[in-house]
Structure formats: C-alpha cells, structure tokens
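Structural features, examined
The residues making up each chain are set out below.
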Amino acid sequence: MIEVSRLTKRYDDGTVALNNVSLKLNRRITSILGRNGAGKTTMIRIMSTQLKPTSGTVKINGLDLVKDRDEIRKIIASIPQEIAPWDVASPQEHVEMFLSARGLKRSDIKHLAEKSLKELGLWDVRDKAMGGLSGGMKRKTFVAMALASQAEIIFLDEPTTGLDPISRLEVWSALRKINGTIVITTHYMEEAKELSDEVVLVNNGRPVMQGEVRKLLSRFNGRVRVEGPKGKYKVADSHISYMRIKDAQRLLKEGYSIKQISLEDLFIMNGGGAIED
Ligand SMILES: Nc1ncnc2c1ncn2[C@@H]1O[C@H](COP(=O)(O)OP(=O)(O)OP(=O)(O)O)[C@@H](O)[C@H]1O
Ligand SMILES: [Mg+2]
C-alpha cells in the first residue's frame with residue numbers, strides 16, 4: 001500500500017513537477033499514464049526514494065519515505081526510465097549483481113537469475129556483453145533484474161518502451177507472475193488496460209483520474225468515438241451519431257468511422273489537451 005499525501009515537488013529551477021498530490025495505490029498492478037512532462041517519473045523517483053519531495057509525505061506499507069528510508073529500500077526495487085547498462089557485463093551478471101547488492105543469498109541468486117532471464121527470453125544471450133545487445137534486450141535485462149529481486153514493491157518507469165510486440169508480451173507475462181505490488185509508467189494504452197488492475201492518469205503534476213479501466217470506461221456508456229480522415233476525431237453521443245443515419249452514411253463515405261470509447265479517449269479528454277472537432 002502506497003499513500004501519498006499532499007506531495008509537491010519543485011525542482012531547483014522552479015519547475016513544479018508535482019502539485020499537492022494525494023493518492024492511494026493498493027492494487028497489485030498500477031499503471032501511471034500521462035503526457036510527456038506530466039510528472040510520472042518525478043512521482044516514481046520520489047516513491048522509490050531516489051528524489052526528495054519538496055513537501056508532503058509518502059508512506060509505503062506504513063513506513064515513512066524520509067524517516068524510514070533504509071527500511072523502505074529493503075522492500076522495494078526500482079528501474080528508472082533512463083538507465084545505462086555496464087557495457088562489458090552480461091545480462092546474467094547484471095541480474096546477479098543486482099540481487100547480490102540487495103543482499104540475497106548466494107544459493108538463491110543463481111536460480112532466481114536463471115528463472116527471470118528465461119522468462120524474459122534472454123537466456124540465449126545471457127553471456128553476451130550488454131554493449132553488444134539491442135536496446136530492447138538491454139531494457140528487458142533491467143526488467144529481469146527487478147523481477148528477480150523478490151521485492152515487495154517494484155517500480156518500473158516505462159519498462160516496455162521500444163520493445164517489439166513479442167518482447168512486450170514476455171514482460172507482461174513476467175510481471176503478472178510476480179506476487180508483489182507493481183507500479184509502472186507507460187505510454188501504451190493497450191498495456192495499461194491489459195496489464196493493470198488500476199490506472200492513474202496524471203496531468204500537469206496532478207492525478208486527474210484513477211480507477212479500473214473497465215469502470216472508468218463505463219462512465220462513457222452511450223458515447224462513441226467518431227474518427228475521421230487526417231486524424232480528426234470527436235467523442236459524440238451514440239444515439240445522435242447512429243440515429244442520423246444520413247449523416248452517418250455521409251461520414252462513412254467521407255472516410256469517417258465510428259468506434260467504441262477506449263482508454264485513449266479518456267486520456268485525451270482528461271489530460272491530452274484539446275480535442276479537435
Ligand atoms: N531535474 C529536473 N530539473 C528541472 N525540471 C525537471 C527535472 N526533471 C524533470 N523536470 C520537469 O518536471 C516536469 C515533470 O517531468 P517528469 O520527468 O516527471 O515527466 P514524465 O511524466 O515522466 O514525462 P515523460 O513521459 O516524458 O517521461 C517536466 O516539466 C520536466 O521538465
Ligand atoms: Mg518519465
């Protein structure tokens with residue numbers, strides 16, 4: 001359970017990245033969504049003790065982020081958005097070093113590392129130097145480190161950015177098998193919907209929406225997405241769009257299509273800026 005209370009982060013240059021945020025995260029997998037610069041990384045870095053808040057408190061399983069920092073570090077693992085590998089070491093060495101640094105027993109390390117490398121499809125390249133691996137393989141190695149960690153709470157900042165569709169499925173499947181709590185950030189709506197029990201949408205340093213995707217979407221029953229050529233689109237009441245058959249037929253001829261409301265629409269309506277009519 002993570003409890004954020006009146007959290008503000010003002011960087012040295014005056015940028016307010018988080019503005020008086022209060023939030024509770026208690027589901028198994030939570031996805032944080034939001035536009036570039038919304039404050040997701042700042043939030044994750046604070047929750048994982050890498051960055052100090054300007055004001056406000058964060059409690060993780062009842063422990064205070066600032067006062068009980070060392071205790072918290074024992075139960076969390078975090079993979080930052082910008083993380084550079086050690087080029088000469090292999091994926092297996094990365095995972096094993098990570099586990100060793102976290103104080104896991106030698107006898108467990110080999111087995112846990114093997115399991116997570118296999119789950120993420122990295123077993124065949126386990127001995128290659130990271131410098132010679134593709135960007136996606138490096139990314140997956142960092143996910144493997146977090147997965148093998150046995151941490152109670154795992155923070156992953158954009159773990160699947162740049163991954164091919166199969167690698168992404170490998171990451172999802174690995175994440176689903178974890179017993180602990182997972183907080184990820186993502187720009188992939190499909191991922192947030194498929195993977196998480198709850199999403200939090202952040203806009204301009206504040207959460208603007210939180211909940212199960214299915215429940216959030218049900219608020220928009222009776223509305224549809226009308227999509228047009230050149231990327232134009234609009235959310236409309238379904239009875240209007242469907243009943244004016246002539247209008248609908250004309251729109252379809254002009255290349256418009258009518259679709260169900262999706263998480264992407266919620267994103268655009270609640271934090272993605274203006275919608276073009
Ligand atoms: N070290 C820093 N110094 C000053 N401002 C910063 C710093 N790091 C981030 N910011 C600013 O804080 C705001 C939030 O940034 P943050 O990295 O948390 O966004 P994000 O939601 O993770 O974005 P993205 O999707 O691009 O990763 C932005 O306005 C950013 O420019
Ligand atoms: Mg970020």
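The following refers to the structure shown. (Residues numbered from 1 in each chain as written. Chains lettered and ligands numbered in written order. Predicted model: local features only at pLDDT ≥ 70, side-chain atom pairs only at ≥ 80, totals over all residues. Heavy atoms only, no water.)

Before going further, it helps to spend a moment on the overall build of the protein chain. Counting its regular elements, the protein chain contains 11 helices and 13 strands. Reported as C-alpha extents along the three principal axes, the dimensions of the protein chain are approximately 70 × 45 × 35 Å. Burial statistics for the protein chain: of 277 residues in total, 46% are counted as buried. Long-range contacts, defined as pairs at least 24 residues apart, comprise 66% of the intrachain contacts of the protein chain with a sequence gap of at least 6. For the protein chain, the computed accessible surface area is about 14,500 Å², with 48% contributed by carbon and sulfur atoms. (Helix = DSSP H or I, 4+ residues; strand = E, 2+ residues; numbered from the N terminus. Buried < 20%, exposed > 50% of the residue type's maximum accessible area, 1.4 Å probe, protein only. Contact = heavy atoms within 4.5 Å. Areas by Shrake-Rupley, 256 points an atom, 1.4 Å probe, with all protein chains shown as cover.)

Along an α-helix, residues three or four apart share an orientation, since each turn contains 3.6 residues. By the burial criterion, the buried members of helix α3 (residues 91-101) are P91, Q92, H94, V95, E96, F98 and L99. Among the structural elements, β6 (76-79), α4 (106-119) and α5 (135-148) are those in contact with the buried residues of α3. Within two residues after α3, G103 carries a phi angle of roughly 85 degrees, on the positive side.

A few words now on the environment of F155. Of note, F155 is situated in strand β7 (residues 153-157). Apart from the residues within four sequence positions on either side, F155 is in contact with I2, I44, M47, S48, I60, I76, A77, S78, I79 and V183.

Glancing now at the packing of α5 against helix α6 (residues 165-177). Packed helices, taken two at a time, are described by the angle their axes make and the gap between the axes. One can describe the packing of α5 onto α6 by two numbers: an axis separation of 11 Å at closest approach and a directional angle of 5 degrees. Classified by the angle their axes make, α5 and α6 are roughly parallel. Residues K140, V143 and L147 of α5 form the contact with α6, whose participating residues are S167, E170, V171, A174 and L175. Here the residues of the contact of α5 with α6 sort into five nonpolar, one polar and two charged. (Axes fitted to C-alpha atoms, helices over the stretch in contact; angles between N-to-C directions. Parallel < 35°, antiparallel > 145°, perpendicular 65-115°, else oblique. Nonpolar A, V, L, I, M, F, W, Y, C, P; charged D, E, K, R; others polar.)

Turning our eyes to something else, we now look at the pairing of strand β1 (residues 2-10). Looking down a regular strand, the side chains alternate between one sheet face and the other. Pairing of β1 with strand β2 (residues 16-25), which is carried by six bridges, proceeds in the antiparallel orientation. By the bridge assignment for β2, I2 is matched with L25. The hairpin formed by β1 and β2 contains five residues between the paired strands, and G14 there has a positive phi angle of roughly 95 degrees. Across five bridges, the pairing between β1 and strand β4 (residues 55-60) is antiparallel. Bridging from a neighbouring strand, S5 pairs with T57 of β4. (Pairing = 2+ DSSP bridges.)

As a further point, take the site of ligand 1. The environment of ligand 1 is formed by 15 residues, the closest being G37, G39, K40, T41 and T42. Measuring from an oxygen atom of ligand 1, one finds a backbone N or O atom of A38 at 3.2 Å. Here H187 contributes a side-chain N or O atom positioned 2.9 Å from an oxygen atom of ligand 1. Considered on its own, ligand 1 offers 630 Å² of accessible surface; in the complex 66% of this is hidden by protein. Broken down by class, the residue content of the shell around ligand 1 amounts to three nonpolar, eight polar and four charged. (Near = heavy atom within 4 Å. Polar contact = N/O pair within 3.5 Å; in protein donor to acceptor, adjacent residues only side chain to side chain.)

This part is about the coordination of the magnesium ion (ligand 2). Coordination of the magnesium ion (ligand 2) by the protein comes from T41 (OG1) and Q81 (OE1), over a distance range of 1.9 to 2.1 Å. Placement of T41 in helix α1 (residues 40-47) and of Q81 in the loop between β6 and α3 is noted, with a sequence separation of 40 residues between them. (Donors = N, O, S within 2.8 Å, 3.2 Å for Na, K, Ca; no water.)

For sheets, the rule is that strands pair by backbone hydrogen bonds, running either parallel or antiparallel. An order of β2-β1-β4-β5 is seen for the four strands of this open sheet, with the pairing classed as antiparallel. The open sheet has two edge strands, β2 and β5 (63-64), and neither has a second partner. Two strands pair when backbone bridges link them, and β4 and β5 are joined in this way by two bridges, in the antiparallel orientation. Within the sheet, the bridge partner assigned to K59 lies in β5 and is D64. Sheet strands in contact with α1 are β1, β2 and β4, and its direction is about 60 degrees off that of β2.

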